[in-house]
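Observations on the model geometry
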Amino acid sequence: MSAPRFTVGRSNLLPILAVATLLAGCAGSPDPMRYLLAHSGDHWDTVSGRSVVDPLRERYPEFFQVILDPSKTREPDLRPLRNDLEREPVDHRNFQALHSIAVGYFELNYRANAIPGGPNYFADNFRAAKLVAVPWRAYSEVADGRLRDAILDFFEDAGSGEKLGTAVTAPRLARIVASLEAKETGDAERRLRIRGLAERLVSMSGADGR
């Protein structure tokens, strides 16, 4: 099993607004107002061969400095990400924050569970849980349907078992996701999606150890 392929310390960072281009698929222009990390394979640093992390690091340098360094166990300041994620009216900055949270969660979740009981096991699991709380709160704060769908896309990705370490921890997300149903008062179809996602998370066995 290979470890995530981050390039910490790369100096030639791309402009923040290039994130939409970097995350583009093979056909057409990407929609910067949606979650773009689903089905990226078992890693989360690249999509379609392009770096996800570089443009986001420029917007949130302190966050990524802490998250991407395995030797650091201190708490990153999540306020810039929370403020951007809860920004109204919703724009591309909300989605930059969501993608940064997703990258941070997948990285910490992988490191914590790659060596169960390791020296940073509890610290990384705790920090990953605090990251999950940011989009959970934003779901209540921002009623924009595009952002709510993207938050659910993140939780679905986190519980898909596709990315390294996620099959083991998917059931932990079930109650968190289920609680979103009470927050969704305006869209019956989205409530059904939440219910179905929570049920799938419960059923995840984590048998493959990813």
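Residues numbered from 1 in each chain as written. Predicted model: local features only at pLDDT ≥ 70, side-chain atom pairs only at ≥ 80, totals over all residues. Heavy atoms only, no water.

1. A closer look at the confidence of the model for the protein chain
Mean pLDDT over the protein chain stands at 83; residues scoring 70 or higher make up 83%. Averaged pLDDT values over the elements of the protein chain bottom out at 40 in helix H1 (residues 19–22) and peak at 98 in helix H4 (residues 79–85). Note on residues 7–29: pLDDT under 50 across the span, and 41 contacts to partners over four residues away in sequence or across chains. Across residues 206–210, where pLDDT falls below 50, the model places 15 contacts with residues more than four positions away in sequence or in other chains. (pLDDT = per-residue confidence, 0-100. Helix = DSSP H or I, 4+ residues; strand = E, 2+ residues; numbered from the N terminus. Contact = heavy atoms within 4.5 Å.)

2. Focus on helix H7 (residues 145–158)
With 14 residues, H7 ought to run about 20 Å at 1.5 Å a step, and its terminal C-alpha atoms sit 20 Å apart, in line with that. All of the buried residues along H7 are Leu147, Arg148, Ala150, Ile151, Leu152, Phe154, Phe155, Asp157 and Ala158. (Expected span 1.5 Å × (residues − 1). Buried < 20%, exposed > 50% of the residue type's maximum accessible area, 1.4 Å probe, protein only.)

3. Things to note about the packing of helix H5 (residues 92–114) against helix H6 (residues 121–141)
In a packed pair of helices, the relevant descriptors are the angle between the two axes and the axis-to-axis distance. As a packed pair, H5 and H6 sit with axes 8 Å apart at the nearest point and diverge in direction by 155°. What the angle tells us is that H5 and H6 run roughly antiparallel. The chirality of how H5 crosses H6 is left-handed. Mapping the contact onto sequence places Leu98, Ile101, Gly104, Tyr105, Leu108, Asn109, Arg111, Ala112 and Asn113 in H5 and Tyr121, Asp124, Asn125, Arg127, Ala128, Leu131, Val132, Val134 and Pro135 in H6. The residue inventory of the contact of H5 with H6, partitioned by class, reads 11 nonpolar, 4 polar and 3 charged. (Axes fitted to C-alpha atoms, helices over the stretch in contact; angles between N-to-C directions. Parallel < 35°, antiparallel > 145°, perpendicular 65-115°, else oblique. Left-handed = near helix turned anticlockwise from the far one by under 90°. Nonpolar A, V, L, I, M, F, W, Y, C, P; charged D, E, K, R; others polar.)

4. Considerations on the packing of H7 against helix H11 (residues 188–203)
The interhelical angle for the contact between H7 and H11, taken along N-to-C directions, is 10°, at an axis separation of 11 Å. By the angle between their axes, H7 is roughly parallel relative to H11. Contacts from Gly145, Arg148, Asp149, Leu152, Asp153, Phe155 and Glu156 of H7 reach H11 at Arg190, Arg193, Ile194, Leu197 and Arg200. Its residues assigned to classes, the contact of H7 with H11 comprises 4 nonpolar, 1 polar and 7 charged.

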